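Architecture at a glance
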Amino acid sequence: MIEFRDVTKQYPDGTVAVDKLNLTVDAGTITVFVGPSGCGKTTSLRMVNRMIEATSGTILIDGKDIKDSAPASLRLGIGYVIQQAGLFPHRTVLDNIATVPLLSGWDKRKARSRAAELLETVGLPTEMGKRYPVQLSGGQQQRVGVARALAADPPILLMDEPFSAVDPVVREDLQNELLRLQGELDKTIVFVTHDIDEAVRIGEKVAVFRKGGVLAQYGTPADVLRYPADEFVASFVGRDRGYRGLSFLESSGIAVDQVPTATVGEPVSGAGSDWVLVLDANSHPCGWLPPNTTVDGPLGSGSLVAGGSLYTTGTPLRGALDAALSSPASRGVVVDSDGKYVGVITARQVLDEIEGHPESVGKP
Ligand SMILES: Nc1ncnc2c1ncn2[C@@H]1O[C@H](COP(=O)(O)OP(=O)(O)OP(=O)(O)O)[C@@H](O)[C@H]1O
């Protein structure tokens, strides 16, 4: 657990970067500091490992004032990941990852074998260990940066805009990877970003900062989206916050309808005036047959119109709305957790479900 108690940082030129910050980061969670540029996120983060010293106030880690630990020994328990990974260009990937274990006195063999293990943990092939950072893509470098921060198995990980230099697709991969890793490692992670989408995606708690290093709101992503504390937070999280909030609204009991179905490889009995949903032999949806399509003989996949996205029961309603809106038949296909067809829903049904939900988005 990390506690900020009345923490203020004023730089020598008089800039107050962080103003009386009070906040507790729970152990084993991902807490995201988010806010516009210059609002004190990085300064707050770097005060935790004493790369920046607070002007006043106290920071406690597991109840212990960080000022009572020498910065070098404090940092052994705190991994640090920065934008563009910050790898040493003249060291191989393996030696980059082994940096902290070597500094802590491990022998070279043990440090390298730990590094090889970590490459795998972050989803990179071991052969990559021999390469130099310049021979890796941006996303791969970021993974190495994460591996390096994890090398000494620190309980705390500080991540400063770690994924902001990669393209959106790689970024999503890295976010998923971080969530997967956290499921296994259970670290206390503080993650800085200026991107609200990233914040609500990966944060269990989100701290929204405003200019002058003032904490505007601290809560779960769902709370920040549904009940922004003030106008600043409301405008920072954006006008589509209602739609984003659907990410947190789940429905296990949404009522579904049925449509005519056909199976690939079998004859279609009596094409009618409605869309026909085509399934494979295991009941997984493959696509749609438009109304009044005649099929001679067994149904091949060539005559199908691609389906929209699928909605898995029990997952957030945002997926249900997307399935309904992206379906050529104007009905979203609902599947169970094994991907088997359950039924269909219209956008209207999803909206009715949202409106009837006690936690409905935007309703206090
Ligand atoms: N060494 C410094 N000397 C003086 N002012 C500084 C120094 N470092 C940061 N600042 C100022 O402190 C404020 C907070 O900066 P900080 O880097 O913590 O913000 P941030 O929210 O992380 O911003 P960004 O998203 O742009 O990185 C800014 O106004 C910045 O200009």
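What comes next is a walk through the structure. (Residues numbered from 1 in each chain as written. Predicted model: local features only at pLDDT ≥ 70, side-chain atom pairs only at ≥ 80, totals over all residues.)

Residues in contact with the ligand amount to 13 residues; listed here are only the nearest, Tyr11, Ala17, Ser37, Thr42 and Thr43. Among the elements that line the shell around the ligand, the one with the most residues is helix 1 (residues 41-48), at three residues. Along the lines of polarity and charge, the residues of the shell around the ligand split into three nonpolar, eight polar and two charged. (Near = placed C-beta within 6 Å. Helix = DSSP H or I, 4+ residues; strand = E, 2+ residues; numbered from the N terminus. Nonpolar A, V, L, I, M, F, W, Y, C, P; charged D, E, K, R; others polar.)

All right, on to the nonpolar core then. Within the largest apolar cluster, 66 residues are counted, with the highest numbers of intra-cluster contacts made by Val32, Ile97, Ala147 and Leu158. Looking at this core element by element, the count peaks at five residues for helix 6 (residues 138-150). Leave out the neighbours within four places in its chain, and Leu158 touches Leu45, Val48, Asn49, Ile78, Gly79, Tyr80 and Val190. Judged by nonpolar contacts, the second largest core, of 26 residues, contains Trp275, Leu310, Ala320 and Val334. (Core = buried A, V, L, I, M, F, W, Y, C linked by C-beta atoms within 7 Å. Buried ≥ 20, exposed ≤ 12 C-beta atoms within 10 Å, placed from the backbone. Contact = placed C-beta atoms within 7 Å.)

A word on the packing of helix 6 against helix 7 (residues 168-185). Closest axis-to-axis distance for the helix 6/helix 7 pair is 10 Å, and the angle between their directions is 25 degrees. As the angle between them shows, helix 6 and helix 7 are arranged roughly parallel. Helix 7 is crossed by helix 6, and the crossing has right-handed handedness. The residues of helix 7 that touch helix 6, namely those facing Gly138, Gly139 and Gln142, are Val170, Asp173 and Leu174. Taken together, the residues of the contact of helix 6 with helix 7 break down into two nonpolar, three polar and one charged. (Axes fitted to C-alpha atoms, helices over the stretch in contact; angles between N-to-C directions. Parallel < 35°, antiparallel > 145°, perpendicular 65-115°, else oblique. Left-handed = near helix turned anticlockwise from the far one by under 90°.)

In contact at an axis separation of 8 Å, helix 12 (residues 317-326) and helix 13 (residues 347-355) are set at 160 degrees when each is read in the N-to-C sense. In this view, helix 12 runs roughly antiparallel relative to helix 13, as classed from their interaxial angle. Crossing geometry of helix 12 relative to helix 13 is assigned as left-handed. Where helix 12 abuts helix 13, its residues Leu317, Ala320, Leu321, Ala324 and Leu325 lie against Ala347, Val350, Glu353 and Ile354.

Here we take up the pairing of strand 8 (residues 188-193). The buried fraction of strand 8 is high, at six of six residues. Here strand 8 shows two buried faces, one formed by Thr188, Val190 and Val192 and the other by Ile189, Phe191 and Thr193. Direction of pairing for strand 3 (residues 30-34) relative to strand 8: parallel, over a ladder of five bridges. Bridging across to strand 8, Ile30 finds its partner in Ile189. For strand 7 (residues 156-160) and strand 8, the ladder comprises five bridges, and the chain directions are parallel. Residue pairing across strands places Ile156 opposite Thr188, the latter belonging to strand 8. For the crossover that starts at strand 7, traverses helix 7 and ends in the parallel strand 8, the hand is right-handed. (Pairing = 2+ DSSP bridges. Right-handed = clockwise from strand over helix to strand, strands pointing away.)

Strand order in the open sheet formed by four strands is 2-1-4-5, and the pairing between neighbours is antiparallel. One side of each edge strand has no neighbouring strand; the edge strands of this open sheet are strand 2 (16-25) and strand 5 (64-65). Pairing between strand 4 (residues 56-61) and strand 5: two bridges, direction antiparallel. By the bridge assignment for strand 5, Ile61 is matched with Lys64.

The next thing to look at is the sheet that holds strand 16 (residues 341-345). As summarised here, the arrangement of the three strands in space is 14-15-16, forming an open sheet in which the pairing is mixed. The open sheet has two free edges, formed respectively by strand 14 (310-312) and strand 16, since each of these has just one partner strand. Averaged over all pairs of adjacent strands, the angle between strand axes in this sheet comes to 35 degrees, irrespective of strand direction. Docked against the sheet, helix 12 engages strand 14, strand 15 (332-335) and strand 16, running at close to 155 degrees with respect to strand 14.

Before going further, it helps to spend a moment on the environment of Val334. Turning to its location among the elements, Val334 is positioned in strand 15. In sequence terms Val334 and Thr312 are 22 residues apart; their C-alpha atoms lie 5.8 Å from each other. When neighbours within four sequence positions are excluded, Val334 is seen to be in contact with Val256, Tyr311, Thr313, Val342, Gly343, Val344 and Ile345.

Bringing the pairing of strand 10 (residues 214-219) into the picture now. On any regular strand, side chains alternate: one points to one face of the sheet, the next to the other face. Bridge count for strand 9 (residues 205-210) against strand 10 is five bridges, and the pairing is antiparallel. Across the sheet, residue Val206 finds its bridge partner in strand 10, namely Gly219. Adjacent in sequence and paired antiparallel, strand 9 and strand 10 are bridged by three residues, among which Gly212 carries a positive phi angle near 85 degrees.

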